[in-house]
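# Analysis of the macromolecular model
Each chain, written out:
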Amino acid sequence: MGYTIAQKIIKDHLISGEMVQGNEIALKIDQTLTQDATGTMAYLEFETMGLKRVKTEKSLAYIDHNTLQSGFENADDHRYIQSVAEKHGIYFSRPGNGICHQVHLERFGKPSKTLIGSDSHTPTGGGLGMLAMGAGGLDVAVAMGGGAYYITMPKMYKVNLTGKLKPFVSAKDISLEILRILSVKGGVGAIIEWGGEGIKTLSVPERATITNMGTELGATTSIFPSDEITREFLKAQGREEDYVPLESDSDAEYDKIIEINLDNLVPLIACPHSPDNVVTVESLKGTKVDQVCIGSCTNSSLLDMLKVAALLKGKTVKPSVSLSVSPGSKQVLTMLSDCGGLSDILASGARLLECACGPCIGMGFSPNSAGVSLRTFNRNFEGRSGTADAGVYLVSPETAVAAALTGEITDPRLLGEMPEIKMPTSFKINDSAVLTPANEEISSNVEILRGPNIKPFPTSKCVTDTLSCGVSLKVGDNITTDHIMPAGAKILPYRSNIPHLSDFCFGVCDKDFPKRAKELGESIVIGGINYGQGSSREHAALVPMYLGVRAVIAKSFARIHSANLINAGIMPLTFKNANDYEKINQGDKLTLSDIYGGMDKGIITLKDESSGEKFELVATFTERQKKILKAGGLLSYTKEN
Ligand code: MIC
Ligand code: SF4
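Read on for a plain summary of the structure.

Further remarks concern the site of ligand 2. Around ligand 2 sit His 65, His 101, Asp 119, His 121, Ser 296, Cys 297, Cys 357, Cys 360, Ile 361, Asn 378 and Arg 384, and that is every residue in its neighbourhood. Its residues assigned to classes, the shell around ligand 2 shows four nonpolar, five polar and two charged.

Okay, structure coming up:
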């Protein structure tokens, strides 16, 4: 049997484990990236390991999330990261240089390499044929130190594209179509390979839009072959030498094959509050729109921006709509400006935001109350925009422009002729905003700059053989990390201050949770299907850990969050019988006994002391995970070892 693209990369990077679906495998990691909102924590963890220099081929620290400096906190964190990077051999991408995934794609990603990033949209690199995965900060810290990255050997899915996109239908619509087909949990445990004749019509940035948004499927990652289109892109970026061809074998086997005919695709839109809530744009026509945002790591490439500029040229944004445009990188912004596209965008009445995540993570530009916001982003989770009652819709750049010009949801095909946009054959290269680390001889002189906002890493407790405590919270299906640990301009500056963050934990679901959890001392959280979907933020595990959560019992978990819980010493357990979920109530007292024996058997018994009923919980942990839990988390485990 032949290999899929991902299996080939896994085979070349396998340190231990068997490439058998469901087995734990350890991978060698070639590149890492961090962003600032998860980076401070990752570097504090890296420092704790006591290593002098990173051992990867290339590690980068990007500043793109917390660029709103409304107090000393973010600026201090940036300085901290910059100094750690300089000292430990990490390249530092300065604020303003762009969104980590866009810059990484342009300047550093390489086909056939492995990349992990402390950000769930790291799979953007799959557009270049990399095996790129999102991970918790601690996993990234370990990889920087030369340690392996552990994943469960995924299933392999293939999406075959045929045909060619019609004008005004774009890569984003392909992403929305696959979300419509598979849902936000349809990719869990799988790597999605994109292939078929149709991919030959997609440039690298378009492919990257698709692999970026594959995160919303819950997939481990998504990947495209590395072909002539990849070579052209790398050549245009002045790094043709990074090109290596990569494709799956003709007899590779897949667990699922999905066919999408691009000829039949129409403009799509994801409705509040989930990226898989997808309908046609046409079906919502006439809905009044208050705000439109174009940008984010999904749709901020030069290609996207040139399209937007061409469609806005000579036209004016409706007075009732506020339009923001954030180019993905300094390269994109410079080239957009040089060709005159930026002037066309500004002349239309759009507001230019800096090359950063911005509104995507609620860092400014929150919508008006109960506002309707159309965004070219990848997530529309409740409250994420910063306005609790806003309705956020996810769309392509074409659909975003149509709404900005008409003031309502409008099928972009009504805009007339689609201007022809070509990718440049050479990009403008200027890496001045990427700082090279100090060399080994002088790095010991580099002083680490720590601000007062950086609080010590919270200590976790070891998993004991018996756990007896109350249920502090019961939540439903598809709870996102934005529910567990919200972001936004008011909270994000405290990403290195767990005690302060803890006041906001689960704020979207229940404002009293932090107080209740503290009163209980130790507690258990009950969740539904796909618990912890969304971001890679380990804060969604570290903060509950700080508040005394010892186990989360759910119907199923999202991959990165489940790993983050284990890393924080919290047991992720699933109901053997999903209906038992109904029988446990918030406030019940639960006892889990013989936990160690149960971990070996794969089943732990739970007694609900309030009802007297007993239930079975699935506890399938690898030997390594059991040791991590018993040690009280990955940091203690790593130190012990
Ligand atoms: C996101 O898109 O949710 C984020 C902000 O980029 C996160 C990381 C974070 O929470 O800092 C992610 O996707 O992992
Ligand atoms: Fe930034 Fe948004 Fe992309 Fe997350 S999804 S990395 S917040 S642009």
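Two orientations exist for strands paired in a sheet by backbone hydrogen bonds: parallel and antiparallel. Taking strand neighbours around the barrel as the criterion, the seven strands line up as β21-β22-β23-β24-β27-β26-β25 in a closed arrangement whose pairing is mixed. Pairwise comparison of adjacent strand axes, ignoring direction, gives a mean angle of 40 degrees for this sheet. The pairing of strand β23 (residues 549–554) with strand β24 (residues 571–575) spans four bridges and is parallel. Across the sheet, the residue bridging to Ala 554 is Thr 574, located in β24.

Right, let's get into the nonpolar core. In terms of nonpolar packing, the biggest core is built from 67 residues, with Phe 506, Phe 513 and Tyr 531 touching the most fellow members. A per-element tally of this core places helix α17 (residues 539–546) first, with five residues. Dropping the residues within four chain positions of it, Tyr 531 is found in contact with Val 475, Ile 479, Ile 484, Phe 506, Val 525, Val 552, Ala 554, Ser 556, Phe 557, Ala 558 and His 561. Counting residues in hydrophobic clusters, the runner-up holds 57 residues, among them Met 130, Ile 269, Val 281 and Leu 306.

Counted by the stated rule, this structure contains zero disulfides. Of all cysteine sulfurs in the structure, the one in Cys 355 sits closest to Cys 339, which takes part in no disulfide; the separation is 14 Å.

This next bit is on the packing of aromatic side chains. Each aromatic ring pair is summarised here by two numbers: the centre-to-centre distance and the angle between the ring planes. Using the criterion set out here, one finds five aromatic pairs in the structure. Their ring planes at 10 degrees and their centres at 6.0 Å tell us that Trp 194 and Phe 224 sit as a pair that is stacked. You can see Trp 194 sitting in strand β10 (residues 190–195) and its partner Phe 224 sitting in the loop between β11 (221–223) and α8 (228–236), a full 30 residues away along the chain. A residue is classified by how much of its surface remains accessible, and Trp 194, at 1% relative accessible area, is buried. According to the relative accessible area criterion, Phe 224 is buried, its value standing at 0%. The interplanar angle of 75 degrees and the centroid separation of 5.0 Å between the aromatic rings of Phe 506 and Phe 513 together place this pair among those described as edge-to-face. An identical accessibility class is assigned to Phe 506 and Phe 513; each is buried. Directly above the aromatic system of Tyr 91 lies the positively charged group of Lys 58, at a separation of 4.1 Å from the ring centroid. Directly above the ring of Tyr 581 sits Lys 555, whose terminal nitrogen or CZ lies 4.5 Å from the centroid.

What counts, and at which threshold
Within any chain, residue numbers begin from 1 and follow the written order of that chain's sequence. Both sets of labels track the order of writing: A upward for chains, 1 upward for ligands. Whole-chain, interface and lining totals are the exception, using all residues; otherwise, since this is a predicted model, local features are given only for residues with pLDDT of at least 70 and side-chain atom pairs are given and counted only at 80 or more. Hydrogens are left out, water is left out, and the side-chain values use all remaining heavy atoms of the structure. The rule for a residue being near a molecule or strand is that one of its heavy atoms must lie within 4 Å of it. Following the grouping adopted for this structure description, the nonpolar residues are Ala, Val, Leu, Ile, Met, Phe, Trp, Tyr, Cys and Pro, the charged ones are Asp, Glu, Lys and Arg, and the polar ones are all others, Gly among them. We call two strands paired when DSSP finds no fewer than two bridges between them. Secondary structure elements follow DSSP: runs of H or I no shorter than four residues count as helices, runs of E no shorter than two count as strands, and numbering proceeds from the N terminus. Lines are fitted to the C-alpha atoms to define the axes, a helix being fitted only along its stretch in contact, and any angle between axes, read from their N-to-C directions, falls within 0 to 180 degrees. What makes a nonpolar core is a set of buried Ala, Val, Leu, Ile, Met, Phe, Trp, Tyr and Cys residues whose side-chain atoms join them at distances within 4.5 Å. Here's how the labels work: a residue is buried when its accessible area is under 20% of the maximum for its type, exposed when over 50%, partly exposed in between, all with a 1.4 Å probe on protein chains only. The contact definition used throughout considers only heavy atoms, calling two residues in contact when any of these lie within 4.5 Å. Note that a disulfide, as used here, is simply two cysteine sulfur atoms within 2.5 Å. Paired rings are identified among Phe, Tyr and Trp, the last through its six-membered ring, by centres lying within 6.5 Å, and are further divided according to the angle between planes into stacked (under 30 degrees), edge-to-face (over 60) and tilted (the rest). Placement of a positive charge over a ring is assigned whenever Lys NZ or Arg CZ falls within 6 Å of the ring centre and within 35 degrees of the normal to the ring plane.

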